[in-house]
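Here is how the chains run, residue by residue.
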Amino acid sequence: MVDLKTQYTRIKSEIDREMQEVFDSCIFIGGPKVNAFRESLEQYLGVKHVIPCANGTDALQITMMALGLKPGDEVIVPAFTYVATAEVIGLLGLTPVMTDVDPGTMNITAANIEAAITPRTKAIVPVHLFGQSADMASIMALAKKHNLFVIEDNAQAIGADYTFPAAGTTSGDGETKKTGTIGHFGCTSFFPSKNLGCYGDGGAMMTNDDALAAKARMIANHGQSKMYYHDEIGVNSRLDAMQAVILNAKLKHLDEYNAARNRAADYYDRFFGQIPQLQIPARETNSTHVFHQYTLQINTPDSVKTRDELKAFLLEKSIPCMIYYPVPLYDQPAFAPFWKDGKLPVTEALCASVFSLPMHSEMTESVLAEITGAVKAFFETR
Ligand SMILES: *Cc1c(COP(=O)(O)O)cnc(C)c1O
């Protein structure tokens with residue numbers, strides 16, 4: 001699904017040199033390399049504080065702790081997402097409230113969020129799924145109206161731009177911000193296959209609020225603001241210097257990587273737009289797309305069967321294909337205690353029809369031709 005090897009060969013000399021510096025310095029945790037990356041990411045995102053941590057799941061957990069969410073508090077999430085988003089909510093004794101998503105963009109919608117708000121609701125976690133921003137103008141307006149926190153799960157959309165409507169309009173362009181810097185907190189993951197991935201685990205929190213930043217930094221560091229003085233129960237979650245070096249080298253190329261993903265997506269779109277059994281991914285109107293995944297939907301009535309056959313057909317040709325995500329969150333045994341409301345129709349339909357094709361920064365015309373040709377050949381036999 002990704003080609004990290006070719007990407008590495010292009011930046012090998014810089015990475016190898018910087019890695020050697022880490023080994024020579026023997027400063028492995030924190031230190032100048034981590035600080036340099038933190039500063040470059042703050043600058044790139046245009047955000048006041050980046051707080052590096054060990055992974056994206058930790059980032060979500062720590063931000064919820066920093067916001068002071070307490071057992072019994074409800075947190076609204078999409079039912080169609082990666083498990084980490086809701087897992088940390090359950091882990092902290094909070095209640096995940098799962099809502100349906102938009103059938104085209106597959107993102108959470110403001111209307112579904114609003115319908116799920118109760119007197120116990122404390123926060124919303126919009127996930128910028130597959131690489132484009134959820135409808136943040138409406139979500140921030142809802143949050144303001146109901147006095148809720150917003151934590152953006154930006155693990156799949158780093159580098160995407162969201163443009164607010166101009167003040168007092170719904171169409172003119174207002175301010176543009178990077179996803180992950182709009183809510184009270186943004187969270188991201190540097191898992192190797194993410195758009196900005198390291199060579200191990202890593203993550204970060206983003207915020208423009210000084211007090212929240214200080215709190216999150218403290219919680220990530222055993223609840224201490226001064227060595228060996230612990231103000232509250234925290235966790236141990238840090239980014240190491242080797243990962244910071246990789247990330248700093250790759251951050252310089254992130255826009256280039258995301259542009260290459262867009263070129264591949266445009267090629268896929270042109271091609272698959274002609275196949276009647278397929279629906280190409282819809283674009284959010286106010287967001288750019290960084291195509292963490294290129295995710296198609298199968299239109300046929302027996303989509304699950306068609307998808308299984310397509311997957312087997314592609315696999316025989318050594319073309320990978322993944323299903324993100326096959327099961328709604330509420331149908332996972334782990335989330336059964338939080339669910340009693342039947343089925344969410346859009347989430348059900350998506351779980352039964354989506355499939356994702358290879359998508360990364362190194363897609364060549366010949367690879368794209370091979371993949372699209374195989375998919376076309378499959379549907380021609382139907
Ligand atoms: C990858 C991912 C995470 C978790 O990140 P890790 O670094 O693997 O813990 C959270 N949310 C979403 C939407 C993700 O894609």
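Coordinates for the structure precede this section.
The following paragraphs examine the structure supplied in this document.

About the cut-offs
Residues numbered from 1 in each chain as written. Predicted model: local features only at pLDDT ≥ 70, side-chain atom pairs only at ≥ 80, totals over all residues. Heavy atoms only, no water. Pairing = 2+ DSSP bridges. Helix = DSSP H or I, 4+ residues; strand = E, 2+ residues; numbered from the N terminus. Near = heavy atom within 4 Å. Polar contact = N/O pair within 3.5 Å; in protein donor to acceptor, adjacent residues only side chain to side chain. Nonpolar A, V, L, I, M, F, W, Y, C, P; charged D, E, K, R; others polar. Phe/Tyr/Trp six-rings, centres within 6.5 Å; stacked < 30°, edge-to-face > 60°. Lys NZ or Arg CZ within 6 Å of the ring centre and 35° of its normal. Buried < 20%, exposed > 50% of the residue type's maximum accessible area, 1.4 Å probe, protein only. Axes fitted to C-alpha atoms, helices over the stretch in contact; angles between N-to-C directions. Contact = heavy atoms within 4.5 Å. 1 Å grid on protein atoms, 1.4 Å probe; cavity = no way out; pocket = protein on both sides within 12 Å on 5 of 7 lines; lining within 4 Å. Points joined across faces, edges and corners; volume = space filled by probe spheres on them. Domains from an automatic or database assignment.

In spatial order, the strands read E12-E13-E14; together these three strands make up an open sheet with antiparallel pairing. The strands lining the two open edges of the sheet, one partner per strand, are strand E12 (278-279) and strand E14 (354-357). Inspection of the sheet shows E12 paired to strand E13 (residues 294-298) by two bridges, in the antiparallel sense. Along E13, the bridge assignment pairs leucine 278 with isoleucine 298.

Moving on, we get to the site of the ligand. Neighbouring the ligand are the residues Asn55, Gly56, Thr57, Tyr82, Ala84, Thr85, Val127, Asp153, Ala155, Gln156, Ser189 and Lys194. One of the side-chain nitrogen or oxygen atoms of aspartate 153 is found 2.8 Å away from a nitrogen atom of the ligand. At 2.7 Å, a side-chain N or O of serine 189 approaches an oxygen atom of the ligand. Counting residues per element, the ones that place at least two in the shell around the ligand are helix H3 (56-66) and helix H4 (84-91). Tallied by class, the residues present in the shell around the ligand amount to four nonpolar, six polar and two charged.

Take the packing of aromatic side chains next. With the rule as written, the count across this model stands at 17 aromatic pairs. Lying across the ring of tyrosine 229, lysine 226 places its NZ or CZ 4.2 Å from the centre. Cation over ring: lysine 317 sits above phenylalanine 313, and NZ or CZ is 4.1 Å from the ring centre.

Cis geometry marks the peptide bond from tyrosine 324 to tyrosine 325, where omega comes out at 5°. Despite not being glycine, cysteine 26 has its phi angle at roughly 60°, a positive value. Along the chain, cysteine 26 turns up in the loop between helix H1 (4-25) and helix H2 (32-45). Residue cysteine 26 is classed as exposed on the basis of its relative accessible area of 51%.

It is worth spelling out helix H8 (residues 241-251) at this point. Counted residue by residue, H8 has 10 buried out of 11 residues, so it is predominantly covered. One side-chain oxygen at the N-terminal end of H8 lies 3.1 Å from the backbone nitrogen of methionine 242; it belongs to aspartate 240.

Spatial strand order, E1-E9-E8-E5-E4-E2-E3: seven strands in an open sheet with mixed pairing. Since the sheet does not close on itself, it has two edges, and those belong to strand E1 (49-53) and strand E3 (95-99), each with one partner. Strand-to-strand twist across the sheet, computed as the mean angle between neighbouring axes with direction ignored, equals 25°. The pairing of strand E8 (residues 185-189) with strand E9 (residues 203-207) spans four bridges and is classified as antiparallel. What sits directly across from cysteine 187, in E9, is methionine 205. Running at roughly 135° to E1, H2 makes contact with E1 and E9 of the sheet. Against the sheet, helix H7 (residues 210-220) touches E1, E8 and E9, its axis set at about 10° to E1.

All right, on to empty space enclosed by the protein then. In this structure the tally under the stated criterion is two cavities of 30 Å³ or more. Taken as a whole, the largest cavity spans an internal volume of roughly 60 Å³. In this structure, the largest cavity is lined by Val2, Asp3, Leu4, Gln7, Pro192, Ser193, Lys194, Asn195, Lys250, Arg261, His360 and Ser361. A class-by-class count of the residues in the lining of the largest cavity yields three nonpolar, five polar and four charged. Inspection of the lining of the largest cavity shows a minimum of three residues originating in each of domain 1 (4-251) and domain 2 (255-380). The volume enclosed by the second largest cavity comes to roughly 50 Å³. When its residues are assigned to classes, the lining of the second largest cavity shows seven nonpolar, five polar and no charged. Split by domain, the lining of the second largest cavity shows at least three residues from each of two domains, domain 1 (4-251) and domain 2 (255-380).

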